[in-house]
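Structure assessment
The chain contents come next:
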Amino acid sequence: MSFMPWSEQFVLGIESIDRQHRWLVDATNRLHDEVQSPSPCHATIGEILDGLMDYTMNHFIVEEELFTRLGYPHSVAHKAEHDGFTQRAMQLLTGFENGEAVGLDALAFLKDWLAHHILCVDRAYVPFLASRGVT
């Protein structure tokens with residue numbers, strides 16, 4: 001059983017967003033597996049964290065550009081969620097680069113934030129985007 005199993009509950013029905021969410025869930029699982037392995041590889045953990053940060057930033061840009069283009073009325077609050085996560089993720093990455101271990105608390109944060117964000121925050125924009133023909 002993976003740390004954060006992919007669930008059909010995460011599917012929003014917007015193919016590009018769902019694909020990106022799936023990648024983020026898979027990367028979170030890869031990070032968990034490496035951190036929990038008997039001999040975690042520091043370089044691999046760093047690569048996964050860098051990839052998560054880069055991919056997340058690009059994912060947020062895609063969503064935010066979509067909101068701007070279509071006039072999503074809750075874009076400011078949604079962007080604030082993105083900004084809060086980005087700040088916390090950068091702290092995690094910077095701490096790791098400065099020698100701090102990635103512990104279960106950091107993994108739990110990633111898992112909980114991602115699940116909440118997809119299931120609640122992102123799901124809230126689906127009716128609006130669907131009404132504008134986004135699938």
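It should be noted that the structure appears before, not after, this text.
Residues numbered from 1 in each chain as written. Predicted model: local features only at pLDDT ≥ 70, side-chain atom pairs only at ≥ 80, totals over all residues. Heavy atoms only, no water.

A word on the pattern of salt bridges
For clarity, the cut-off: Throughout this description, the term salt bridge denotes a Lys or Arg side-chain nitrogen within 4 Å of a carboxyl oxygen of Asp or Glu. Each helix is a run of DSSP H or I of at least 4 residues and each strand a run of E of at least 2, with the numbering of both proceeding from the N terminus. When a residue's accessible area, from a 1.4 Å probe over protein chains only, is under 20% of the maximum for its type it is buried; when over 50% it is exposed; and in between it is partly exposed.
Tallying each qualifying case throughout the model produces three salt bridges. E15 is the partner of R19 in a salt bridge, and the nearest nitrogen-oxygen pair spans 3.5 Å. Of this pair, R19 and E15 both sit in helix α1 (residues 15-36), separated by four residues, roughly a single helical turn. Looking at R19, the relative accessible area reads 49%, which means it is partly exposed. Of the charged contacts, one joins K79 and D83 as a salt bridge, the two residues approaching to 3.1 Å between their closest N and O atoms. Of this pair, K79 and D83 both sit in helix α3 (residues 75-97), four residues apart, which is roughly one turn of the helix.

Some points on the packing of aromatic side chains
What counts, and what does not: Pairs were defined over the aromatic rings of Phe, Tyr and Trp, the Trp ring being its six-membered one, requiring ring centres within 6.5 Å. Orientation was assigned from the angle between planes: stacked under 30 degrees, edge-to-face over 60, tilted for the rest.
For the structure shown, the criterion picks out ten aromatic pairs. An angle of 65 degrees between the planes, with centres 5.1 Å apart, marks the rings of F67 and Y125 as edge-to-face. Linking F67 in helix α2 (residues 42-70) with Y125 in the loop between α4 (104-122) and α5 (126-131), this pair joins segments that are 58 residues apart in sequence. Considered together, F67 and Y125 belong to a single accessibility category, that of buried residues. Centre to centre, the rings of Y72 and Y125 are 6.3 Å apart; their planes meet at 85 degrees, and the pair counts as edge-to-face. Placement of Y72 in the loop between α2 and α3 and of Y125 in the loop between α4 and α5 is noted, with a sequence separation of 53 residues between them. This pair shows no difference in class: Y72 is buried, exactly as Y125 is. Every member of this aromatic cluster is reached through a ring pair, and the members are F60, F85, F109 and W113.

Here we look at the packing of α1 against α4
To be explicit about the condition: Note on method: axes are straight lines fitted to C-alpha atoms, helices fitted across the in-contact stretch only, with angles between N-to-C directions ranging 0 to 180 degrees. The scheme is simple: roughly parallel for angles under 35 degrees, roughly antiparallel for over 145, roughly perpendicular for 65 to 115, oblique for anything else. Note on convention: the crossing is left-handed when the near helix lies turned anticlockwise from the far helix by less than a right angle, right-handed when the turn is clockwise. Note on definitions: a residue-residue contact is assigned when non-hydrogen atoms from the two residues lie within 4.5 Å.
Relative to each other, α1 and α4 sit at 165 degrees, their axes nearing to 10 Å. One element, α1, and the other, α4, form an angle in the roughly antiparallel class. Here the hand of the crossing between α1 and α4 comes out left-handed. Contacts from H21, L24, V25, T28, L31, H32, V35 and Q36 in α1 reach L104, L107, L110, K111, L114, I118 and D122 in α4.

Thoughts on the environment of T68
Inspection of the secondary structure assignment puts T68 in helix α2. We classify T68 as exposed; its relative accessible area is 65%. Residues T68 and G46 lie 22 residues apart in sequence; the distance between their C-alpha atoms is 33 Å.

Distances and angles like these do not, on their own, reveal function.
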